[in-house]
2 protein chains.
Amino acid sequence: MKKLTSPDIRSIKLDDAGFFGHFINIVRDSVIPYQWETLNDRVPDAAPSHCVENFKIAAGEAEGEFYGCVFQDSDLAKWLEAVAYSLMSKPDAALEATADDVIELIGRAQQPDGYLNTYYTVKEPGRRWTNLRDNHELYCAGHMMEAAVAYYYATGKRRLLDIMTRMAYHIDSVIGPEEEKLHGYPGHEEIELALVSMYHATGDPLMLKLAKYFIDERGREPRFFDIEAEAREGARRNRRYRDPGDYAQWHRPVREQDALEGHSVRALYLATGMADVARETGDETLLDACRRLYDNLVHRRMYITGGVGSSPAGERFTFDYDLPNDTVYAETCASIALCFFMRAMLGNEADGRYGDTMETAFYNTCIAGMSLDGHNFFYVNPLEVRPEASRRNPEHRHVLPVRPKWFGCACCPPNLARLIMSIGRYIYTVDGSTIYTNLYVAGDASLHTAEGDVTLRTETQYPLDGTVKVMASAGKYSLALRIPAYCGGKYSVTLNGTPLNAEIRNGYAVIEREWADGDCVILTIDISPRRVYAHYKVQNDAGKVAVARGPIVYCLEEADNETPLGGAALPQSSELSCEYKPDKLGGIFEITADGTVAVDDGDDSLYRSTPPARKNTKLTFIPYYTWANRGEGEMTVYVRES
Amino acid sequence: MKKLTSPDIRSIKLDDAGFFGHFINIVRDSVIPYQWETLNDRVPDAAPSHCVENFKIAAGEAEGEFYGCVFQDSDLAKWLEAVAYSLMSKPDAALEATADDVIELIGRAQQPDGYLNTYYTVKEPGRRWTNLRDNHELYCAGHMMEAAVAYYYATGKRRLLDIMTRMAYHIDSVIGPEEEKLHGYPGHEEIELALVSMYHATGDPLMLKLAKYFIDERGREPRFFDIEAEAREGARRNRRYRDPGDYAQWHRPVREQDALEGHSVRALYLATGMADVARETGDETLLDACRRLYDNLVHRRMYITGGVGSSPAGERFTFDYDLPNDTVYAETCASIALCFFMRAMLGNEADGRYGDTMETAFYNTCIAGMSLDGHNFFYVNPLEVRPEASRRNPEHRHVLPVRPKWFGCACCPPNLARLIMSIGRYIYTVDGSTIYTNLYVAGDASLHTAEGDVTLRTETQYPLDGTVKVMASAGKYSLALRIPAYCGGKYSVTLNGTPLNAEIRNGYAVIEREWADGDCVILTIDISPRRVYAHYKVQNDAGKVAVARGPIVYCLEEADNETPLGGAALPQSSELSCEYKPDKLGGIFEITADGTVAVDDGDDSLYRSTPPARKNTKLTFIPYYTWANRGEGEMTVYVRES
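All of these numbers come straight from a predicted model, not from anything done at the bench.

Colleague: Outline the overall build of chain A, supporting the account with residue identities and numerical values.
Modeller: What chain A contains, in helices and strands, is 16 helices and 23 strands. Its C-alpha atoms give chain A a radius of gyration of 25 Å, near enough to 26 Å, the size a compact globule of 642 residues would have. Along the first, second and third principal axes, the C-alpha atoms of chain A reach 70 × 70 × 50 Å. Among the 642 residues that make up chain A, the fraction classed as buried is 65%. Long-range contacts, defined as pairs at least 24 residues apart, comprise 70% of the intrachain contacts of chain A with a sequence gap of at least 6.

Here it is as structure tokens:
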């Protein structure tokens, strides 16, 4: 089985000025420092975190009770991971010293047997490993392992890697196939993918063995979580109740799962772990399962924005073609997890569709999770919002019309921070002497191929612009440029100014040649505004259309349009015009079109014999990721087509 | 202030063969006997009731614990009330003997001080009147009072009336303006309207005084439920939390309320009580409040089907123009309560709009609550159903695609039974020498007017047919026939075959004359199929149209149409054809029209650049009240107009 490699993130230097530069700078300059204040409870008007304090108490250096969610430790882990990526791209001695200090604190909070978890250490010391289903011990360990690996790559310092290696050995002493061990797996997946990272960083086969065990054991009969619940709840247990298990993906063995089910973040972390383990072990049955999950997702369960999770109850997937726009969940973390899954799939096979899905999730739901100034965050990313419904209809209460400052359960903001800071990991994959470009990001890359080292310089304003210029270094290798499916084949490639008919292979235009230094490839992708329609079985979108430009989905917002937005209609014949607005929303291409909107015609009857009057109007669309940056108002991605 | 009178239900004899006859016969022959078996726990596959058993335990005639909801007693009350109406229209000695027996049991369950409530008597004898907000003591008393009045009218027997009079005196000893009494009111309104009925039946002014007290006290500062909660919860209470109170309509004094808020059944029972008290006391400020509540309701908060309550969370009203079709609540009981409110308003003033609203609620949501065979019942009456969503999307879980047999909380079925059996009470109101006909129902009526007694014979198949024939008796009086707004002024009246230009007054065609015996008025209302559009602010219905015929709203059902129904479209130019189908769904007028439906065009992409292909189809509409009688399938009231 062929494997693709992903270049070391340290070998990718992104330009500050590119589209990503803005987001990276915000995270570095604003999110990471703010988050540290939050973790230390120094932000007066934010929800208390107590996260660092919990570690101090666990280390015996402070008095007090554990406070926060059972997975509170993971907030610190995600922060450390984001810090590590930040240090890779821009050294900061003070920040590194702060991180070193808190890593030492983590070390002191680790128990003599290697166990690390402040909730159990402080609050229920005798109850470790009694509730894998609900209590996130393995999840927190996974996040800290990811932080450990990133921090090791960033600084060369092994301290956290060693701490988490000890924790992995402790876990292996408690969980595994041996009769005396628990035959368990995490109730919230995450550690599977983290253990594969640990395997890469340490080379220790125990890491891969544990990851594979968690994947293989999941959902097997007799089901571990039934046995665990019986042991925990005993006489209190309702024995007639059988947990369907799909909420946390233990309804059947993973190789027999055909669709992502249940809690969407869990499901996608699991899928990522499956793809990672498949890559390392060459397990084709596992990879086949990943392909099935992906196919079902992109054909039946993903919002046009790359959002996933159709229901707030369980933050979960529901069923095929069920994509309500207004009661949606579409958690930021779930789209982040989708990026992880796509990256893991690209490690298994070069298929441009994974890149397409990854960029859809990234440029829409992921970055919509953060306000343009980096101070406010969405968990839920709706495709249709009426502020009064959010306030007064309980089914819409989870859909916030403006991003709040921070959350008591702070999963999305730090998760988004680490994704943005590590975007360099998502750009390239290398297979032998072929370099696959999966995202178009301005910057410099040094890549190892089977035929030797290659440096590439990319200049582009993508996705604001459809032109990508790549300057190659000398050598014999192939450059495979992802051609996004959205362009419908409308693209062109030139080499040193001469048009080139590059072969298309699995969604990539492949240029195989002996390169000379300074060879310049220009890829031009048609990103002109276009209409997008949903499959006819998506009832919520029937008769409606969305507008997109390149990978960026657009929306109507009350600040630019007459309300109610539900009354707007876009005639099939209207042209979509596009204009750059440098001073609007950080600089956007605004799309306008002639449309109509229902208006007050003086008849206040609730039900009437003639349709409400309409008038002509100009419909103004803005990029979805920029919505809710101008106060509270209605928003919709889909508009009725007339 | 003028008052209208409502004739004694015993003076109205409905034809068995009319549209109502079917429903009345079902309730008498099927629902009432079945319900009695249920109340006695003799239906093996239905949820246990324990209702009669609770009374036996309270009477000291059985051992055991109270079982059921805190308002379980009300099930027996509603059954007794339905029985009373049934006995009025068709004597049944065995049924009456059963009722007499259970009334004696109720008497034995009454406590020496007049208190009657099996929950408190059996389960918490020391805690009476400590939780008026949640525990339904007054609600149960109200229902039993309604039963007592109906049974007294039906049989002349005062036993239950006396029992409930003693209970009313007991309540008066506990609750009232005097310093030593509780300054309370019910958490679930119902007793207000019941006390007015008791006042009519007994003439005892204490009944009206109590009803007025509950109305006047509600929502006043300091708010009783805050004080009660403080007393009950003491130290456990979160003192920073202030209950908004709108769920149960105590957010402000009733005369200051502008819209029906909160739990929709509660809100409409309160509105009914307000209208009843306004009628009895001549209180114009109270009547004004009722008018405001009504205006807001019909202009902003009522479904086209007469359903009310936009959210299942709290079974409640949400906000103006928020009428989701698929996550709706629209409880059967709420539309029943709306009929009560309209009847009470018609007791205050002759306004055809109240009759219009009443018949909309009755012919659509109310009777849709019951299967055509009377064996199964809906609580929730959606306007759009996808069975898979009901099973797999938590926001749709309350929306059942088929009527279940009975419910553990059995409020709707017996409530519907009593409404149907008492429909005679809703037909006429009399003001001096004017007889207002508010519903068109075949049968005979004897009415007292200021100018003497009148008998009317009505022959009609309304609403299946638009022709109503009324034969009058001799005398000088006015006949005022409600002209439904839906006909848009398309109606005609003849007197003994000669066209008549009757004056229209407040929605009624008024014929004022000296009648001769056998004078025959024929009213013909245009009920040809029509399109109905919602107000432009109802976002869920934007671009959509509904089909109706007379007061009956239609729907598309999967049994007759291609799915997904969300993909169907009705061109603006399509003609609506209507045909009687005697063997379909108990005999209906089916409406058909040329339409289109989205189809599988071979492209399985979730998002695509062209709209899904469409094909021509015949759209078949059936009356909404007949849906879900042919197994599980999709249903929609609104269809996209193209």
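Colleague: So what's going on with the relation of the copies chain B and chain A? Which residues, and what values?
Modeller: Note on the identical chains: chain B maps onto chain A by a rotation of 180° and an axial translation of 0.0 Å, with an RMSD of 0.0 Å. The superposition operator between the copies reduces to a two-fold rotation axis. Considering only C-alpha atoms, the part of chain B nearest the rotation axis is Glu395(B), at 3.5 Å. Interface overlap between copies: 100% of the residues of chain B at the interface are likewise at the interface in chain A, consistent with a symmetric, same-surface contact.

Colleague: Tell me about the side chain of Glu359(A), and please be specific about residues and values.
Modeller: Of note, Glu359(A) is situated in helix α14 (residues 352–368). Leaving out residues up to four positions away in the same chain, Glu359(A) has contacts with Asn364(A), Leu439(A), Tyr462(A), Arg482(A), Pro484(A), Tyr486(A) and Pro551(A).

Colleague: Could you give an account of the sheet that holds strand β6 (residues 452–460) of chain A, naming the residues involved and the relevant values?
Modeller: Strand pairing in a sheet is mediated by backbone hydrogen bonds. Such pairs are either parallel or antiparallel. Residue and element names in this part refer to chain A. Taking strand neighbours across the sheet as the criterion, the 7 strands line up as β1-β5-β6-β7-β13-β9-β10 in an open arrangement whose pairing is antiparallel. In this open sheet, the two edge strands, each paired with only one partner strand, are β1 (12–14) and β10 (498–500). Within the sheet, the average angular offset between the axes of one strand and its neighbour, ignoring direction, is 25°. Examined bridge by bridge, β6 and strand β7 (residues 467–472) share 5 bridges and lie antiparallel to one another. Paired with Glu459 across the two strands is Lys469, which belongs to β7.

Colleague: If you had to explain the packing of helix α13 (residues 332–346) of chain A against helix α16 (residues 412–421) of chain A to someone new, which residues and values would you point to?
Modeller: All names here are of chain A. With their axes 9 Å apart at the nearest point, α13 and α16 run at an angle of 30° to one another. Taken as axis vectors, α13 and α16 run roughly parallel relative to one another. The two elements α13 and α16 meet at a crossing, and its hand is left-handed. Of the residues in α16, those in contact with Thr332, Cys333, Ile336, Cys339 and Phe340 of α13 are Cys412, Asn415, Leu416, Arg418 and Leu419.

Colleague: How would you sum up the interface of chain B and chain A? Please name residues and give values.
Modeller: It is common to report an interface's size as the accessible area lost on association of the parts. The partner chain A presents 62 residues to the 62 residues of chain B that form the contact. Area buried by chain B at its contact with chain A is led by Tyr536(B), Leu606(B) and Tyr607(B), which between them contribute 17% of it. Viewed at the interface, chain A and chain B are joined by 4 salt bridges. Where chain B touches chain A, the interface holds 22 residue pairs in polar contact (both at pLDDT 80 or more). For the side of chain B that touches chain A, the elements supplying multiple residues, two or more each, are α12 (284–301), α15 (387–392), β14 (530–534), β20 (607–608) and β23 (639–641) of chain B. Sorting elements by how many residues they give to the side of chain B that touches chain A places α12(B) first, with 5 residues. Where strand β20 (residues 607–608) of chain A meets β14(B), 2 bridges bridge the pair, whose relative direction is antiparallel.

Colleague: Run through the domain arrangement of chain A, naming residues and quoting values.
Modeller: Residues and elements named next belong to chain A. Domain assignment breaks chain A into domain 1 (9–228 + 244–425), domain 2 (428–525) and domain 3 (530–641). Between domain 1 and domain 3, the C-alpha centre-to-centre distance is 34 Å. Domain 1 puts 29 residues into the contact, and the matching count from domain 3 is 28 residues. Summed over both partners, the interface of domain 1 with domain 3 comes to about 2400 Å²; 61% of that surface belongs to carbon and sulfur atoms. Taken as a group, Ile304, Tyr321 and Leu372 account for 26% of the area that domain 1 buries against domain 3, more than any other trio of residues on that side. On the surface where domain 1 and domain 3 come into contact, there are 1 salt bridge. Residue Arg391 is joined to Glu632 by a salt bridge in which the shortest nitrogen-to-oxygen separation is 2.8 Å. Put simply, domain 1 and domain 3 have 11 residue pairs in polar contact (both at pLDDT 80 or more) between them. Mapped by element, the contributors of at least two residues to the side of domain 1 that touches domain 3 are α1 (19–39), α14, β2 (384–385) and α15 (387–392). Per-element accounting of the side of domain 1 that touches domain 3 gives the leading share, 6 residues, to α14. Taken together, the residues of the side of domain 1 that touches domain 3 break down into 18 nonpolar, 6 polar and 5 charged.

Colleague: Pulling in residues and values, what's your account of the sheet that holds strand β3 (residues 428–431) of chain B?
Modeller: Residues and elements named next belong to chain B. Spatial strand order, β3-β4-β8-β12-β11: 5 strands in an open sheet with mixed pairing. If you trace the sheet from one side to the other, it starts and ends with β3 and β11 (503–505), each paired once. For this sheet, the mean inter-axis angle between neighbouring strands, taken without regard to orientation, is 30°. Pairing geometry for strand β4 (residues 434–437) and strand β8 (residues 475–482), over 4 bridges, is parallel.

Colleague: I'd like to hear about the pattern of salt bridges, residue by residue, with values.
Modeller: Scanning the entire structure with this criterion turns up 117 salt bridges over all chains. Lys181(A) serves as the salt-bridge partner of Glu178(A), at 3.2 Å between the closest nitrogen and oxygen. We classify Glu178(A) as partly exposed; its relative accessible area is 32%. For Arg392(B), the salt bridge goes to Glu388(B), with nearest N and O atoms at 3.5 Å. Residue Arg392(B) and its partner Glu388(B) are located together in helix α15, separated by 4 residues, close to a single helical turn. Residues participating in the shared-partner salt-bridge network are Glu261(A), Arg300(A), Arg301(A), Asp320(A), Glu388(B) and Arg392(B).

Colleague: Quick rundown of the environment of Arg292(B)? Include the residues and the values.
Modeller: Residue and element names in this part refer to chain B. Take Arg292: it is sitting in helix α12. Judged by relative accessible area, which is 32%, Arg292 ranks as partly exposed. For the pair formed by Arg292 and Glu590, sequence separation is 298 residues and the distance between their alpha carbons is 37 Å. When neighbours within four sequence positions are excluded, Arg292 is seen to be in contact with Arg255, Glu256, Gln257 and Asp258.

Here is what the cut-offs are and how they apply
Residues numbered from 1 in each chain as written. Chains lettered and ligands numbered in written order. Predicted model: local features only at pLDDT ≥ 70, side-chain atom pairs only at ≥ 80, totals over all residues. Heavy atoms only, no water. Helix = DSSP H or I, 4+ residues; strand = E, 2+ residues; numbered from the N terminus. Rg over C-alpha atoms; globule rule 2.2 N^0.38 Å. Buried < 20%, exposed > 50% of the residue type's maximum accessible area, 1.4 Å probe, protein only. Contact = heavy atoms within 4.5 Å. Least-squares fit on C-alpha atoms with pLDDT ≥ 70 in both. Pairing = 2+ DSSP bridges. Axes fitted to C-alpha atoms, helices over the stretch in contact; angles between N-to-C directions. Parallel < 35°, antiparallel > 145°, perpendicular 65-115°, else oblique. Left-handed = near helix turned anticlockwise from the far one by under 90°. Buried area = accessible area lost by both parts, 1.4 Å probe. Salt bridge = Lys/Arg side-chain N within 4 Å of Asp/Glu carboxyl O. Polar contact = N/O pair within 3.5 Å; in protein donor to acceptor, adjacent residues only side chain to side chain. Domains from an automatic or database assignment. Nonpolar A, V, L, I, M, F, W, Y, C, P; charged D, E, K, R; others polar.

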